[in-house]
Amino acid sequence: MAKNKNNQAIWSTRIKKKASTLFEKVGSSIDVDKRLYKEDILGSIVHVEMLFKQKIISFKIKNKIIYGLQKIEKEISKNNFEFDKKYEDIHMNIEKKLFQIIGDEAGYIHTARSRNDQVITDLKMWIKSATQEVNHNLDKIIKSTIKLAEKNVETIMPGFTHLKNAQPISLGHYFMAYVEIFKRDKKKFNNNIEILNECPLGAAALSGTSFNIDRHYTSNKLGFKNPTNNSIDTVSDRDFVLDFLFSISLCSMHISRIAEELIIWNSDGFNLIQLSDKVVTGSSIMPQKKNPDLLEYLRGKSGFAFGNLFSMLTILKGLPLSYFKDMQDDKTLVFKSYDTLINSLKVFNEILKNVSPNKERMFELADTGFITATDLADYLVKNHSMSFRKAYQKTAEIVNFAEKKRKKLKDLKIEELKKIEPKLTKEVLKIFNLKNSINSKKSYGGTSFENIKKMIMKYKRNK
Ligand code: ARG
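For clarity, every value in this text was computed on a predicted model and none was experimentally measured.

With that settled, consider the overall build of the protein chain. What the protein chain contains, in helices and strands, is 18 helices and six strands. Relative to the compact-globule value of 23 Å for 463 residues, the protein chain shows a C-alpha radius of gyration of 31 Å, a clear excess of over 25%. Each principal axis of the C-alpha atoms in the protein chain carries an extent, and together these give about 105 × 55 × 40 Å. Every one of the 463 residues in the protein chain was classed for burial, and the buried ones make up 51%. Sequence-distant contacts in the protein chain: of pairs separated by 6 or more residues, those separated by 24 or more amount to 76%. With the model as given, the accessible surface of the protein chain reaches about 24000 Å², and the carbon-plus-sulfur share is 53%. Separation of charge centres in the protein chain, based on 79 positive and 54 negative side chains, amounts to 2 Å.

Encoded structure:
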């Protein structure tokens with residue numbers, strides 16, 4: 001067995017000189033990857049159980065190793081473990097400690113594996129549980145948003161395109177749009193797990209191993225669907241990292257869009273929503289100010305997530321297959337993006353609980369900009385057998401007329417309307433009612449109050 005003096009690197013028999021301090025500083029990843037300790041220990045325990053089952057190590061050695069690993073896990077979780085940069089990463093730190101605890105028999109732990117397959121097994125497992133935490137936070141947001149939607153089914157607001165008044169909508173419908181977005185994010189994160197769900201352990205350095213290992217056993221015990229199929233691809237693959245970073249970017253981008261939207265709605269010009277004092281900040285000079293800083297924080301954080309995604313893509317670009325040190329930074333990017341997202345999701349949920357609509361102002365704004373013009377065009381099609389294009393032109397004439405007279409559509413006299421379209425009768429005036437307009441949008445997915453109520457019920461029932 002190779003010598004394993006405790007203060008020396010594992011490879012000290014081959015590499016005689018101590019690594020330069022500078023290299024130790026840049027080459028060590030322990031400050032980052034110590035976060036993988038639980039996964040690493042679980043992976044090692046299952047690995048040695050498999051080695052024993054396959055008669056590669058003895059019962060006694062297996063038990064000793066597991067005893068040592070469990071002791072290490074306790075020490076780390078109680079903050080009693082001293083990580084050492086000299087041993088580079090979490091894998092070597094644990095292995096080194098195992099030697100201290102159980103002696104030379106620790107040397108059997110690394111039979112038929114390499115850090116190359118070990119590190120990605122750990123990271124895949126970590127991403128799986130991180131995904132659960134993301135989903136948990138997304139669920140909270142979905143719940144808060146449905147609550148807001150429920151309270152605002154009949155709150156009328158202007159729907160915008162190009163930020164110009166387009167058609168009246170229900171604020172409840174708007175909030176339910178957010179629900180769709182976050183449900184889709186959940187699906188995205190979950191879909192990643194489908195692809196990631198192959199266990200790398202046993203690919204070893206890059207070519208597999210000559211030991212008679214049972215990869216299906218370890219894969220199964222570690223909660224994966226199957227072992228990976230090709231050892232070279234296994235140690236080269238970081239697509240699962242990119243998928244995770246992309247999904248985080250996507251979700252952050254969604255939060256950023258909504259944050260921007262709420263910032264606009266909160267501006268004095270729009271004044272559509274109120275943010276409670278819990279989620280605004282003041283100004284050091286302007287005493288009257290209540291600024292939506294937290295929303296701005298959320299809007300900005302997407303840049304951070306995109307940056308990490310692009311860093312990872314750039315690290316991998318042009319990298320030949322198998323393992324290279326370049327890839328070590330994947331964990332820094334994953335952890336940073338994840339922490340930032342979890343934080344953003346929490347902040348965003350807090351904002352959702354502290355936002356309320358200025359209903360009167362919403363209605364007032366919805367009642368401007370000839371917002372029911374499309375309803376009038378639709379009415380002409382349905383009641384006066386016009387083609388939509390013809391009805392569109394007639395309506396545009398009516399809008400021009402109202403604009404010239406500085407009147408709203410609903411304030412036009414039937415005589416004035418008749419001058420432009422003689423077929424019109426008094427009945428048309430109900431078309432300019434905002435609530436009628438909204439409730440006419442009964443097509444599946446449309447904004448009618450009934451539609452929204454049904455959707456809310458559906459989501460409350462089956463989540
Ligand atoms: N700490 C390394 C990483 O995260 C583990 C794999 C090291 N493998 C190697 N051949 N140097 O990438």
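So much for the structure itself; the text now carries on.
So, about the packing of aromatic side chains. For the structure shown, the criterion picks out 12 aromatic pairs. Where Phe-52 meets Phe-59, the ring centres are 5.5 Å apart and the plane angle is 55°; that geometry is what we call tilted. Residues Tyr-174 and Tyr-178 carry aromatic rings whose centres are separated by 5.9 Å and whose planes lie at 90° to one another, so their mutual orientation is edge-to-face. Here Tyr-174 and its partner Tyr-178 are both found in helix α7 (residues 171–196), four residues apart, which amounts to about one turn of the helix. The class of Tyr-178 is buried, set by a relative accessible area of 3%. Taken together, the ring pairs in this structure connect Trp-126, Phe-189, Phe-244, Phe-335 and Tyr-338 into an aromatic cluster. Geometry around Tyr-459 places Lys-183 over its ring, the cationic atom sitting 4.4 Å from the centre. The ring centre of Tyr-392 lies 4.9 Å from the NZ or CZ of Arg-389, which sits over that ring.

Here the focus is the site of the ligand. In the vicinity of the ligand, the residues found are Ser-29, Asp-33, Asp-89, Arg-115, Asn-116, Val-119, Tyr-323, Gln-328 and Lys-331. Between the ligand and the protein, one listed contact pairs a nitrogen atom with a side-chain N or O atom of Asp-89 at 2.8 Å. Between the ligand and Gln-328, the relevant distance is 3.0 Å, taken from a nitrogen atom to a side-chain nitrogen or oxygen of the residue. The protein chains hide 86% of the 340 Å² of surface that the ligand would expose on its own. Each residue belonging to the shell around the ligand can be placed in one class, and the counts come to two nonpolar, three polar and four charged.

What follows is about the packing of helix α6 (residues 115–151) against helix α12 (residues 330–352). To characterise two packed helices, one gives the angle between the axes of the helices and the distance between these axes. It is the contact of α6 with α12, at a shortest axis distance of 9 Å, that shows an interaxial angle of 15°. The orientation of α6 with respect to α12, classified from their angle, is roughly parallel. Between α6 and α12 lies a crossing whose hand is left-handed. A class-by-class count of the residues in the contact of α6 with α12 yields 17 nonpolar, four polar and five charged.

Moving on, we come to helix α18 (residues 449–462). Over its 14 residues, α18 runs 20 Å from end to end, which matches the ideal 20 Å to within 8%, given 1.5 Å per residue. If you check which residues of α18 are buried, you get Phe-449, Asn-451, Ile-452, Met-455, Ile-456 and Tyr-459. Projected onto a plane normal to the axis of α18, the buried residues spread over an arc of 160° and lie on a single side. Away from the buried face of α18 by more than 90 degrees, exposed residues Lys-454, Arg-461 and Asn-462 are located. Among the structural elements, α6, β1 (156–161), β2 (164–170), α7 and α17 (434–440) are those in contact with the buried residues of α18.

Let us now look at unusual backbone geometry. One non-glycine residue with positive phi stands out, namely Ala-112, at about 65°. Residue position: Ala-112 is located in the loop between α5 (90–102) and α6.

Let's shift gears to the side chain of Ser-219. Assignment of secondary structure puts Ser-219 in helix α8 (residues 215–221). The contacts of Ser-219, once residues within four sequence positions are left out, are Cys-199, Phe-224, Lys-225, Asn-226 and Pro-227.

All right, on to the environment of Val-179 then. Residue placement: Val-179 occurs in helix α7. On a C-alpha basis, the gap between Val-179 and Ile-10 in space is 52 Å, while along the polypeptide they are 169 residues apart. Setting aside chain neighbours within four positions, we find Val-179 in contact with Ile-142, Thr-145, Ile-146 and Tyr-459.

The next thing to look at is the nonpolar core. In this structure, Trp-126, Met-176, Phe-182, Phe-244, Trp-265 and Val-334 are the most contacted members of the largest nonpolar core, which totals 104 residues. With 14 residues, helix α10 (residues 239–266) is the largest single contributor of residues to this core. Ignoring anything within four residues of it in the chain, the contact list for Phe-244 reads Trp-126, Ile-127, Ala-130, Thr-131, Phe-189, Asn-192, Val-334 and Tyr-338.

All right, on to the pattern of salt bridges then. Applying the stated criterion across every chain, the model contains 27 salt bridges. For the salt bridge of Arg-115 with Asp-89, the shortest nitrogen-to-oxygen distance reads 2.6 Å. Linking Arg-115 in helix α6 with Asp-89 in the loop between α4 (59–77) and α5, this pair joins segments that are 26 residues apart in sequence. Note on Arg-115: relative accessible area 24%, which makes it partly exposed.

Inspection of the sheet shows β1 paired to β2 by six bridges, in the antiparallel sense. Across the sheet, residue Gly-159 finds its bridge partner in β2, namely Gln-167. Here β1 folds back onto β2 in antiparallel fashion, the turn holding two residues, of which His-162 has a positive phi close to 55°.

What counts and how
- Residues numbered from 1 in each chain as written.
- Predicted model: local features only at pLDDT ≥ 70, side-chain atom pairs only at ≥ 80, totals over all residues.
- Heavy atoms only, no water.
- Helix = DSSP H or I, 4+ residues; strand = E, 2+ residues; numbered from the N terminus.
- Rg over C-alpha atoms; globule rule 2.2 N^0.38 Å.
- Buried < 20%, exposed > 50% of the residue type's maximum accessible area, 1.4 Å probe, protein only.
- Contact = heavy atoms within 4.5 Å.
- Areas by Shrake-Rupley, 256 points an atom, 1.4 Å probe, with all protein chains shown as cover.
- Lys, Arg positive; Asp, Glu negative; His and termini not counted.
- Charge placed at Lys NZ, Arg CZ, Asp CG, Glu CD.
- Phe/Tyr/Trp six-rings, centres within 6.5 Å; stacked < 30°, edge-to-face > 60°.
- Lys NZ or Arg CZ within 6 Å of the ring centre and 35° of its normal.
- Near = heavy atom within 4 Å.
- Polar contact = N/O pair within 3.5 Å; in protein donor to acceptor, adjacent residues only side chain to side chain.
- Nonpolar A, V, L, I, M, F, W, Y, C, P; charged D, E, K, R; others polar.
- Axes fitted to C-alpha atoms, helices over the stretch in contact; angles between N-to-C directions.
- Parallel < 35°, antiparallel > 145°, perpendicular 65-115°, else oblique.
- Left-handed = near helix turned anticlockwise from the far one by under 90°.
- Expected span 1.5 Å × (residues − 1).
- Arc of directions from axis to C-beta.
- Core = buried A, V, L, I, M, F, W, Y, C linked by side-chain atoms within 4.5 Å.
- Salt bridge = Lys/Arg side-chain N within 4 Å of Asp/Glu carboxyl O.
- Pairing = 2+ DSSP bridges.

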